Amino acid sequence: MSILTSASVDPASSESALGGVAQWAVDIMEAIGAPGAGLAIALENLFPPLPSEVILPLAGFAASQGNFSIVEALIWTTLGSVFGAWALYGLGAWLGRDRMRAIVEKVPLVDIEDVDKVEAWFLKHGYKAVFFGRMIPIFRSLISIPAGIEKMPVLKFLGLTTAGSLIWNSIFVFSGYFLGESWHIVEEYAGIFQKIVIVAVLIAAVWYVTSKIRSYRRRKAQRAAEES
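Parameters at a glance
In this numbering scheme, every chain counts its residues from 1 along its sequence in written order. With pLDDT at 70 or above as the cut-off, local features in this predicted model cover only qualifying residues; side-chain atom pairs require 80 or more to be listed or tallied, and sums for whole chains, interfaces and linings still use all residues. Excluded from the side-chain calculations are hydrogens and water; all other atoms, namely the structure's heavy atoms, are used. Labels follow the DSSP assignment, with helices taken as runs of H or I lasting at least four residues and strands as runs of E lasting at least two, numbered in each case from the N terminus. Partly exposed describes any residue whose relative accessible area lies between the buried limit of under 20% and the exposed limit of over 50%, with all areas from a 1.4 Å probe on protein chains only and scaled to the type maximum. Residues are treated as being in contact if the distance between any of their heavy atoms lies within 4.5 Å. A cavity here means a set of 1 Å grid points, computed over protein atoms only, where a 1.4 Å probe fits but cannot escape. A pocket is an open set with protein on both sides within 12 Å along at least 5 of 7 lines, and lining residues have an atom within 4 Å of a point. Grid points are joined across faces, edges and corners, and a volume is the space filled by probe spheres set on the points. Among buried residues, the Ala, Val, Leu, Ile, Met, Phe, Trp, Tyr and Cys ones that are joined through side-chain atoms within 4.5 Å form a nonpolar core.

A few words on the overall build of the protein. A tally of helices and strands in the protein yields 11 helices and zero strands. Along its sequence from the N terminus, the protein presents helices and strands in the succession α-α-α-α-α-α-α-α-α-α-α. Looking at the protein as a whole, 40% of its 228 residues qualify as buried. Across the protein, contacts joining residues at least 24 apart in sequence account for 75% of those joining residues at least 6 apart.

Our focus in this paragraph is empty space enclosed by the protein. Any empty space left between atoms is shown by rolling a water-sized probe over those atoms. Summed over all chains, the structure comprises one cavity of 30 Å³ or more. In this structure, the largest cavity encloses a volume near 40 Å³. For the largest cavity, the full set of lining residues is Ile-41, Glu-44, Asn-45, Ser-52, Ser-81, Arg-134, Arg-140, Ser-165, Trp-168 and Asn-169. At the level of secondary structure, the elements contributing two or more residues to the lining of the largest cavity comprise α4 (34-46) and α10 (154-179).

Buried together is how nonpolar side chains tend to be arranged in soluble globular proteins. By size, the foremost hydrophobic cluster in this structure holds 24 residues, and its most contacted members are Met-29, Leu-56, Leu-58, Phe-68 and Val-173. Where this core is concerned, the elements lending two or more residues are α3 (21-32), α4, α5 (52-64), α6 (70-104) and α10. For this core, the element with the highest residue contribution is α5, accounting for eight residues. Leu-56 has contacts with Ile-41, Thr-77, Trp-168, Asn-169, Phe-172 and Val-173, leaving out every residue within four places of it along the chain. Of all hydrophobic cores here, the second largest spans nine residues; its members include Ala-85, Ala-129, Ala-147 and Met-152.

Such coordinate-based values are descriptive only and should not be taken to indicate function.
Put into structure tokens, the structure is as follows:
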């Protein structure tokens, strides 16, 4: 059964519900079934602009229409999440601490001391960060890189990633399953949550840059005072 032909979405929401990423995800799922949902989620991990908040409810909706079972949807989307995270973990492991430090030294407004602080924080909270990070937009992709850099044990990384991803995926897949043709409602609420996260990150970034500029100006003024 075609996902598209079985979905009667009202005109006001049809553009967001069955356009762009949603249309692409539908095409993949119609072509290869539940593994298509897994592939879409794997790519979402590697390319964060692809929204799992659209793909996962669509997978649930497809399951409700009999295209595949809800269990298949959960298994394949979770496998996709784990594979995407593992690939980024591999990138972090390849970069390693030395390469990362070499990159940081060339980045303006970032000190090696900042890297040391992040490293210390990750060593203390890394397991929790990997688990809960799977449920936070954008961070669910990025958190895998420091895990690789810090050489978190692979089995623990995969276990935490699987557990966190299964919880996150289940929420959205089941929402799409039970909402049926109104699956796109999930996207609207998830979009609000994602915007809150993005705003919080931007505020933190502005605060960080501002504090670094002020610190640089203070050091420059101190050096000028000492030389005079």
